[in-house]
Amino acid sequence: MINNIKGEITYADAQYIVVECGGIGFKCFASLNTLKSIGKVGSKVNVFTYLSVKEDALDLYGFADMAEMEAFKMLITVSGVGPKAAIAVLSELSTDKLAIAIASADVKAITRANGIGKKTAERIVLELKDKMAGISLGDSSSSVASASSIVEESDAAEAVAALVALGFSQSDAAVAVGQMDKSLSADEMIRLGLKQLSRNL
């Protein structure tokens, strides 16, 4: 219905912005990632939008880019995830980090979002694992592919589990191990993973 709004930000807080276009101020709820990236009051912006229609409300959600809007639309297809919960997830994880978390089944990363419990995070991973690949992620696509390439009950999966036990996140461990030669033993993958992940700290 309303694909995007181009205008000037006349108000901004931690939950939404108001974009004035043609003399009308549109209130757009947005993730913290979008709010950080689009500028301050007085800035000219072009936000992509999604209109949520309920019996008692019409709420507009704004996004800095198409990838975040597509991720939002996928999130709200998951049972138990409404627009506010989807915004909470996208406030905690950027689109590429969310895709990596889903690809690597990093439930813990998703539960860091306000109001998202373990069962809901598990549903997000289960229902969106194949769908997130359709979002254009630019430079992060290879990381998502790496995280997705790990098969359960493999040496790679064993190495990821060991790295997580050592305190690294599931997402980071899966990306690091996913980029390694699958002919390596679990011990070799753990050793290389430790070296690589420790450099990133």
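A.B. asks: How should I be thinking about the overall build of the protein chain in this particular structure?
C.D. replies: A tally of regular secondary structure across the protein chain gives 10 helices and 5 strands. Scored against the burial criterion, the 201 residues of the protein chain give a buried share of 44%. Across the protein chain, the fraction of contacts at a sequence separation of at least 24, relative to all contacts at a separation of at least 6, is 55%. Summed over its atoms, the accessible surface of the protein chain is roughly 10700 Å², and 51% of this surface lies on carbon and sulfur atoms.

A.B. asks: Explain the pattern of salt bridges here, please?
C.D. replies: Note that side chains of opposite charge can pair when their charged atoms are close. Within this structure, the stated rule accounts for 4 salt bridges. Two residues, E70 and K73, come together in a salt bridge whose shortest N-O distance is 3.7 Å. Pair noted here: E70 and K73 are both in helix 2 (residues 66-75), with a separation of 3 residues, about one helical turn. Overall, E70 belongs to the partly exposed group, its relative accessible area being 28%.

A.B. asks: So what exactly am I meant to see when it comes to a negative patch on the surface here?
C.D. replies: Taken together, the side chains of D155, E158, D187 and E188 present a region of like negative charge at the surface. Of all the secondary-structure elements, those providing two or more residues to the negative patch are helix 8 (155-165) and helix 10 (186-200). Within the element layout of this structure, E188 appears in helix 10. Since its relative accessible area comes to 33%, E188 is described here as partly exposed.

A.B. asks: Any chance you could explain the sheet that holds strand 2 (residues 16-21) here in plain terms?
C.D. replies: Around the barrel, which closes on itself, the 5 strands sit in the order 1-2-3-5-4 with mixed pairing between neighbours. When the angles between neighbouring strand axes are averaged without regard to direction, this sheet yields 55°. With 5 bridges connecting them, strand 1 (residues 4-12) and strand 4 (residues 44-53) associate as antiparallel partners. Bridge assignment links N4 to a residue of strand 4, and that residue is F48.

A.B. asks: Could you clarify how one ought to interpret the nonpolar core in this entry?
C.D. replies: The nonpolar side chains of a soluble globular protein tend to be buried with one another. Of all hydrophobic cores here, the largest spans 33 residues; its most connected members are L75, L98, I110, I124, L128 and M132. If you list the elements that add at least two residues to this core, you get strand 2, strand 5 (58-63), helix 2, helix 3 (83-92), helix 4 (95-103), helix 5 (107-111) and helix 6 (118-128). A156, L163, M180 and M189 belong to the second largest nonpolar core, which has 12 residues in total.

A.B. asks: What's the story with the packing of helix 2 against helix 3 in this structure? I'm lost.
C.D. replies: Each pair of packed helices can be described by the angle between their axes along with the distance between the axes. Orientation of helix 2 relative to helix 3, taken along the N-to-C sense of each, is 130°, at an axis distance of 9 Å. Considering the angle they form, helix 2 stands oblique to helix 3. Regarding helix 2 and helix 3, the two cross each other, and that crossing is right-handed. Facing E68, A71, F72 and L75 of helix 2, the residues of helix 3 in contact are P83, A86, I87, V89 and L90.

A.B. asks: Would you mind going over the pairing of strand 4 with me for this structure?
C.D. replies: A regular strand places its side chains on the two faces of the sheet in alternate fashion. Where strand 4 meets strand 5, 6 bridges bridge the pair, whose relative direction is antiparallel. By the bridge assignment for strand 5, T49 is matched with G62. Following strand 4, the chain reverses through 4 residues before pairing antiparallel with strand 5.

Reading the values: rules and limits
Residues numbered from 1 in each chain as written. Predicted model: local features only at pLDDT ≥ 70, side-chain atom pairs only at ≥ 80, totals over all residues. Heavy atoms only, no water. Helix = DSSP H or I, 4+ residues; strand = E, 2+ residues; numbered from the N terminus. Buried < 20%, exposed > 50% of the residue type's maximum accessible area, 1.4 Å probe, protein only. Contact = heavy atoms within 4.5 Å. Areas by Shrake-Rupley, 256 points an atom, 1.4 Å probe, with all protein chains shown as cover. Salt bridge = Lys/Arg side-chain N within 4 Å of Asp/Glu carboxyl O. Patch = residues over 30% accessible without salt bridge, like charges linked within 9 Å, V, L, I, M, F, W, Y side chains within 5 Å. Lys, Arg positive; Asp, Glu negative; His and termini not counted. Charge placed at Lys NZ, Arg CZ, Asp CG, Glu CD. Pairing = 2+ DSSP bridges. Axes fitted to C-alpha atoms, helices over the stretch in contact; angles between N-to-C directions. Core = buried A, V, L, I, M, F, W, Y, C linked by side-chain atoms within 4.5 Å. Parallel < 35°, antiparallel > 145°, perpendicular 65-115°, else oblique. Left-handed = near helix turned anticlockwise from the far one by under 90°.

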